[in-house]
Amino acid sequence: MNTDGGMVNAFREDAARLDPQTAEMIARRKRALGPAYRLFYEKPLHLVRGEGVWLYDTDGNAFLDAYNNVTSIGHCHPAVVEAVARQSAVLATNTRYIHGAILDYAERLLATMPDALEHMMFTCTGSDANDLAIRIAQSFTGGRGIVVTETAYHGITQAVSEFSPSLGAGVDLGAHVRTVPAPDAYREGDAMAERFAGSVAAAFADLRRHGIKPALFICDGIFASDGVFDGPRGFLKGAVDAARSAGALYIADEVQSGFGRTGEVLWGFQRHDVVPDLVTMGKPMGNGYPVAGVAMRADIVEDFGRKSRYFNTFGGNAVAIAAATAVLDVIEGEGLVRNAGKIGEYLRTGLRDHLTRHGQAGDVRGAGLFIGVDLVADAQAKAPDAKTAGAVVNGLRDEGVLISGCAKAANVLKIRPPLVFAKHDADVFLSAFDRVLGHLK
Ligand SMILES: Cc1ncc(COP(=O)(O)O)c(C=O)c1O
């Protein structure tokens, strides 16, 4: 069994390179927090401060953050800090009272989405949002069957972990869940879109054969944990059509790809020209303050709303909404979606150049500032090279640059800098990447 719980780039004690203070902190963590948590990197980080694109450890070392998708407008952004402080000093109540800010925010967010999505409900985490979305979808369809990609991650509640195969072989998938291979255009070429749609159709047919009525197809807009599969644009449409033909709803999990991450549009699904039945979101929504939510078609939630009272104590509280409003102000005001597109392209070009110069085979892909580098042993067979991927992730950490890895074979570098990444930050990143590839040979 995978003892890392399926996590790529997990710290492993047997491969550790620790100084005595770090070893003691890890021992304390184990005593206080128990066995279920995982740390990143062969040499875990002890961070104490963040500012913009930089993180600082206990010794004052600076790390360029090219990984954290929560603080997407930069660590400790003053606009969010100020909004949270201001609202905390005024009122911190919940959705059982009328409050104008939640209405302003919900209306503003819905205006960024297709007209078919008419309501917003608020939760605290992405898992919480997916949990609510599947309850609504299952109530509307009267089915339970769920189809996901084979290394998908959607969260940690009991219901959601049952369709999060990336949690590893130690976490059982539900009997009502089927997985399909990820949409890997790098290895499958032009045949991918049709194959992917066919796999979704076959998975729902299999559920029906086992007496399980289809309820939903859920995928994240960039297939983050499957290995970052961004294209070709529009390929998702066939799979969504297949799900709907089977009687299932399509849930767009925008926890990773939402809020401008993919560079041209605010939402990842928009790159595929599809209209979801429900959209879940979280992570960057509050830039570190826990706020998440679900957008949905009105008709889908009508019956659920009649039968089922919804109250989430902290979901949509006044402080969370203040944080989320500040984030949207900054994304729009500073043109961060456009910046993500521009800097993402610059990074991908630089990454390709370095791979070529160092004779390292692989595929550089992604959209906006969500980038995957699929490292392989040779360009023909495209056999995944997890060893090199691990060496690059840890080599960059030693150079003061933070990324991580993903994919079933753990061979894809996952690069996800804050949306405020500037060209000079990208240059710092690319020179470190160059040095690390140089050391590998
Ligand atoms: C695509 C996706 N969905 C849902 C979640 C769960 O979000 P949270 O950790 O806020 O519960 C994650 C978290 O990594 C995610 O990547």
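The structure presented is a predicted model; accordingly, all values stated were derived computationally and were not measured.

Draft legend 1. Fine view of the overall build of the protein. Regarding its fold elements, the protein presents 13 helices and 15 strands. Taking 441 residues into account, the globule formula puts the C-alpha radius of gyration at 22 Å, and the protein, at 21 Å, falls close to it. Counting only C-alpha atoms and orienting by the principal axes, one finds that the protein spans roughly 60 × 55 × 45 Å. Counting over 441 residues, the protein shows a buried share of 55%. Counted over contacts in the protein with a minimum sequence separation of 6, partners at least 24 positions apart contribute 72%. Averaged over its 45 positive side-chain charges, the protein has a centre that lies 3 Å from the centre of its 51 negative ones.

Draft legend 2. Seen up close, the pairing of strand β10 (residues 292-297). The buried count for β10 comes to five of six residues, which makes it a mostly enclosed element. Bridge count between strand β4 (residues 117-123) and β10: six bridges; the pairing is antiparallel. Considered in β10, the bridge of Leu117 is made with Arg297. Of the strand pairs in this sheet, strand β9 (residues 278-281) and β10 are connected by four bridges, and their pairing is antiparallel.

Draft legend 3. Seen up close, the sheet that holds strand β6 (residues 177-180). One open sheet accounts for seven strands, arranged β4-β10-β9-β8-β7-β5-β6; its pairing is mixed. In the strand order of this sheet, the two ends are held by β4 and β6, each with one partner. Within this sheet the neighbouring strands show an average axis-to-axis angle of 20 degrees, counted without direction. Lying over the sheet, helix α8 (residues 236-245) contacts β7 (214-220) and β8 (249-253), oriented at roughly 165 degrees with respect to β7.

Draft legend 4. Looking closely at helix α4 (residues 126-141). Taking 1.5 Å of rise per residue, the 16 residues of α4 would be expected to cover 22 Å, and the 22 Å separating its terminal C-alpha atoms lies within 8% of that figure. Where α4 terminates, the next one or two residues include Gly142, which has phi positive at roughly 75 degrees.

Draft legend 5. Expanded view of unusual backbone geometry. Residues Gly231 and Pro232 are joined by a peptide bond in cis, for which omega reads 5 degrees. Note that Pro232 resides in the loop between β7 and α8. For Val228, which is not glycine, the phi dihedral falls at a positive 65 degrees. As for its placement among the helices and strands, Val228 is situated in the loop between β7 and α8. Non-glycine residue Lys382 carries a positive phi angle of around 55 degrees. Here Lys382 is to be found in the loop between β12 (370-375) and α12 (386-398). Judged by its relative accessible area of 22%, Lys382 falls in the partly exposed class.

Draft legend 6. Up close: the pattern of salt bridges. Enumeration over the complete set of coordinates arrives at 26 salt bridges. Two residues, Asp277 and Arg244, come together in a salt bridge whose shortest N-O distance is 3.1 Å. Residue Asp277 is found in the loop between β8 and β9, and its partner Arg244 is found in helix α8; the two are separated by 33 residues along the sequence. Given the relative accessible area of 3%, Asp277 is considered buried.

Draft legend 7. Molecular detail of the site of the ligand. Every residue lining the ligand is accounted for by Thr125, Gly126, Ser127, Asn130, Tyr153, His154, Gly155, Asp220, Asp253, Val255, Gln256 and Lys283. Within the side chain of Ser127, an N or O atom sits 2.5 Å from an oxygen atom of the ligand. Contact between the ligand and Gln256: an oxygen atom at 2.7 Å from a side-chain N or O atom of the residue. Within the complex, the protein chains bury 83% of what would otherwise be the 390 Å² of accessible surface of the ligand. Tallied by class, residues from the shell around the ligand come to two nonpolar, seven polar and three charged.

Draft legend 8. Representation of the environment of Ile343. Mapped onto the secondary structure, Ile343 falls in helix α11 (residues 336-357). When its relative accessible area of 4% is taken as the criterion, Ile343 is described as buried. Residues Ile343 and Ser161, 182 residues apart in the sequence, show an inter-C-alpha distance of 34 Å. Setting aside anything within four residues of it in sequence, one finds Ile343 in contact with Leu369, Phe421, Ala422, Lys423 and Ala426.

Draft legend 9. Spotlight on the nonpolar core. Core analysis: the biggest nonpolar cluster contains 94 residues, and Phe217, Met281, Met285, Leu413, Phe421 and Phe429 have the highest contact counts within it. Residues contacting Phe429, with those up to four places away along its chain left out, are Leu64, Ala66, Leu347, Leu351, Val401, Ile403, Ile415 and Phe421. Within the second largest apolar cluster, 24 residues are counted, among which are Val148, Ile218, Ile300 and Phe304.

Draft legend 10. Up close: the packing of α4 against helix α9 (residues 298-307). Between α4 and α9, whose axes approach to 9 Å, the crossing angle comes to 85 degrees. What the angle tells us is that α4 and α9 run roughly perpendicular. Touching Leu132, Arg135, Ile136, Ser139 and Phe140 of α4 are Asp299, Ile300, Val301, Asp303 and Phe304, all from α9. When grouped by side-chain class, the residues that make up the contact of α4 with α9 number six nonpolar, one polar and three charged.

Draft legend 11. Spatial organisation of the packing of aromatic side chains. A complete count under the given rule lists ten aromatic pairs for this structure. Note on Phe40 and Tyr67: the rings are 5.4 Å apart at their centroids and 85 degrees apart in plane angle, and the pair reads as edge-to-face. A residue pair is termed long-range when its members are at least 10 positions apart, and Phe40 in the loop between α1 (20-33) and β1 (47-51) and Tyr67 in the loop between β3 (62-65) and α2 (78-88) qualify at 27 residues. A residue is classified by how much of its surface remains accessible, and Phe40, at 26% relative accessible area, is partly exposed. Exposure remark for Tyr67: the relative accessible area of 10% places this residue in the buried category. One aromatic cluster is present, formed by Phe196, Phe217, Phe223, Phe235 and Tyr250 through successive ring pairs.

Draft legend 12. Representation of the sheet that holds strand β13 (residues 401-402) in the model. Across the sheet, four strands lie side by side as β1-β2-β3-β13; this open sheet has mixed pairing. Two strands close off the open sheet at either side, each with one partner strand: β1 and β13. Sheet strands touched by helix α13 (residues 423-440): β2 (54-57), β3 and β13. Its angle to β3, the strand with the most contacts, is close to 105 degrees.

Cut-offs used in this document
Residues numbered from 1 in each chain as written. Predicted model: local features only at pLDDT ≥ 70, side-chain atom pairs only at ≥ 80, totals over all residues. Heavy atoms only, no water. Helix = DSSP H or I, 4+ residues; strand = E, 2+ residues; numbered from the N terminus. Rg over C-alpha atoms; globule rule 2.2 N^0.38 Å. Buried < 20%, exposed > 50% of the residue type's maximum accessible area, 1.4 Å probe, protein only. Contact = heavy atoms within 4.5 Å. Lys, Arg positive; Asp, Glu negative; His and termini not counted. Charge placed at Lys NZ, Arg CZ, Asp CG, Glu CD. Pairing = 2+ DSSP bridges. Axes fitted to C-alpha atoms, helices over the stretch in contact; angles between N-to-C directions. Expected span 1.5 Å × (residues − 1). Salt bridge = Lys/Arg side-chain N within 4 Å of Asp/Glu carboxyl O. Near = heavy atom within 4 Å. Polar contact = N/O pair within 3.5 Å; in protein donor to acceptor, adjacent residues only side chain to side chain. Areas by Shrake-Rupley, 256 points an atom, 1.4 Å probe, with all protein chains shown as cover. Nonpolar A, V, L, I, M, F, W, Y, C, P; charged D, E, K, R; others polar. Core = buried A, V, L, I, M, F, W, Y, C linked by side-chain atoms within 4.5 Å. Parallel < 35°, antiparallel > 145°, perpendicular 65-115°, else oblique. Phe/Tyr/Trp six-rings, centres within 6.5 Å; stacked < 30°, edge-to-face > 60°.

Honestly, it's all geometry; don't read function into it.
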